[in-house]
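Observations on the model geometry
Given next are the chains, with one letter for each unit.
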Amino acid sequence: MKYRHAFHAGNFADVHKHVALLALLRAMQRKDKGLFFLDTHAGRGRYALGSGDARTSGEAQHGALAVLAAQRTARNADPTVAGAPELADYAGVVEAWRRRADARHDYPGSAVLAAELLRPQDRGIAVETQPAEFEALRRTLGRVARVTAEHGDGWLRLRALLPPAERRGLLLIDPPYEDTKGDFRAGAGAVHEALARFATGVIALWYPVKDARDTDLWLAALARGLHRPALAAELWIHPPDSRAGLNGSGLVVVNPPYQWAERCAAWQPALLRALGAESSGGTRVVSLAGENR
Ligand SMILES: C[S@@+](CC[C@H](N)C(=O)[O-])C[C@H]1O[C@@H](n2cnc3c(N)ncnc32)[C@H](O)[C@@H]1O
């Protein structure tokens, strides 16, 4: 297995996914009842941006670091103009973690961001398969975090852990797409399997946008037989048919919270502006199935 997330940590796709992750958790936490969070492909939880793979790639410079700087400028210039509240919340959570964890030059992964938000009544499990990545994740989450690190196969754990005792939950499915076709197939299959066990679970499945035609075919196939409301939210920094490689970031959300489509339609363009990609990129929110309120 060659995939190393450190190379991409904090890039525009990570930011897109992490803004959505925090917004989903916030929306679910409007209710006091405890929730279950499962991160099937968790990564190492903490990425040093100033050294190793992240420094070599420099991707975070045009992603998280650009967004954090834009939020800081907006706050200082005019505290009322912070773009969309979801972006301000994302920047606030990342910066608070960096201060508290003495991690000024690091970027938090999905499990750490979720751990920042989980309340005493919530519970999280983060699964990682690569031994070194898992060890780092376990150390980063520590003993007191509300998210427990598990060494294993996220696809198998997804099946085994559903339905959760809480009967409310968010499942983040974020495979590496190293085997691109295999992960697209497995991701769509996992959504249907998860729903068969836990019909009311909120599912967030990340996918890369390379060629829009392929994406649309895959989304249509995924939507077939889906009996729950579902939306796809996408942000791309290059035209979705360019040959740049990773043109955009997409997230299928099944059983989205109230007004998820409207909120995505507000924060995605704000994020595109913060990334400085307005002229080359775009955003969209597509309804896949059911009634999206
Ligand atoms: C895209 S990265 C995860 C990033 C992370 N979710 C975040 O947002 O910070 C994908 C991770 O999945 C891990 N992985 C690959 N196959 C896996 C599997 N079957 N089960 C669990 N983890 C897996 C990889 O080692 C890699 O760390």
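This text follows the structure it describes.
Residues numbered from 1 in each chain as written. Predicted model: local features only at pLDDT ≥ 70, side-chain atom pairs only at ≥ 80, totals over all residues. Heavy atoms only, no water.

1. Description of the pattern of salt bridges
Worth spelling out the cut-off: For salt bridges, the criterion is a side-chain nitrogen of Lys or Arg within 4 Å of an Asp or Glu carboxyl oxygen. Working definition: helices are DSSP H or I runs of at least four residues, strands are E runs of at least two. Numbering for both runs from the N terminus. Relative accessibility under 20% of the residue-type maximum defines a buried residue, over 50% an exposed one, and the middle range a partly exposed one, all with a 1.4 Å probe and only protein chains included.
Scanning all chains against the criterion turns up 17 salt bridges. Between D174 and K17 there is a salt bridge; the shortest N-O distance is 2.7 Å. Separated by 157 residues along the polypeptide, D174 in the loop between β6 (169-173) and α8 (180-197) and K17 in helix α1 (residues 12-28) bring together distant segments of the chain. The two residues D174 and K17 agree in class, both being buried. For the salt bridge of E193 with R197, the shortest nitrogen-to-oxygen distance reads 3.9 Å. Taken together, the residues E193 and R197, both in helix α8 and four residues apart, mark about one turn of the helix. The class for R197 is partly exposed, based on a relative accessible area of 38%. Three or more residues are tied together by salt bridges with common partners; here these are D14, K17 and D174.

2. What about the nonpolar core?
Let me state the cut-off plainly: For this analysis, a nonpolar core means a set of buried residues of the types Ala, Val, Leu, Ile, Met, Phe, Trp, Tyr and Cys, connected via side-chain atoms within 4.5 Å. The contact definition used throughout considers only heavy atoms, calling two residues in contact when any of these lie within 4.5 Å.
Among the nonpolar cores identified, the biggest contains 96 residues, and Y90, L141, L170, Y207, W218 and V252 are the most heavily contacted of them. Ranked by residues supplied to this core, first place goes to α1 with eleven residues. With near-sequence residues (within four places) excluded, Y90 lies in contact with V15, H18, V19, L22, A64, V67, L68 and Y107.

3. Section: the side chain of H41
We count it as follows: Identification of polar contacts relies on pairs of N or O atoms within 3.5 Å, with a donor-acceptor requirement for protein atoms, meaning one able to donate a hydrogen and the other able to accept it, and with residues adjacent in sequence counted only if both atoms are side-chain atoms.
By the element assignment, H41 lies in the loop between β1 (36-39) and β2 (46-48). Residue H41 is classed as buried on the basis of its relative accessible area, which comes to 17%. Reaching out from H41, the side chain makes a polar contact with the side chain of T40 at a distance of 2.8 Å. When residues no more than four places from it in sequence are discounted, the contact partners of H41 are V127, E128, W155, D174, P175 and P176.

4. A look at the packing of aromatic side chains
The geometry of an aromatic ring pair comes down to the distance between the two centres and the angle between the two planes. Rule in force here: Only the six-membered ring of Trp is used, alongside the rings of Phe and Tyr, when aromatic pairs are assigned; centres must lie within 6.5 Å, and planes under 30 degrees apart are stacked while those over 60 apart are edge-to-face, with the rest tilted.
Summed over all chains, the structure comprises four aromatic pairs. When the ring of Y177 is compared with that of W206, the centres are 5.8 Å apart and the planes differ by 70°; the resulting orientation is edge-to-face. With a gap of 29 residues between them, Y177 in the loop between β6 and α8 and W206 in strand β7 (residues 202-209) connect regions that are remote in the sequence. Considered together, Y177 and W206 belong to a single accessibility category, that of buried residues. Three or more aromatic residues joined by ring pairs make a cluster, and in this case those are Y177, F184, W206, Y207 and W218.

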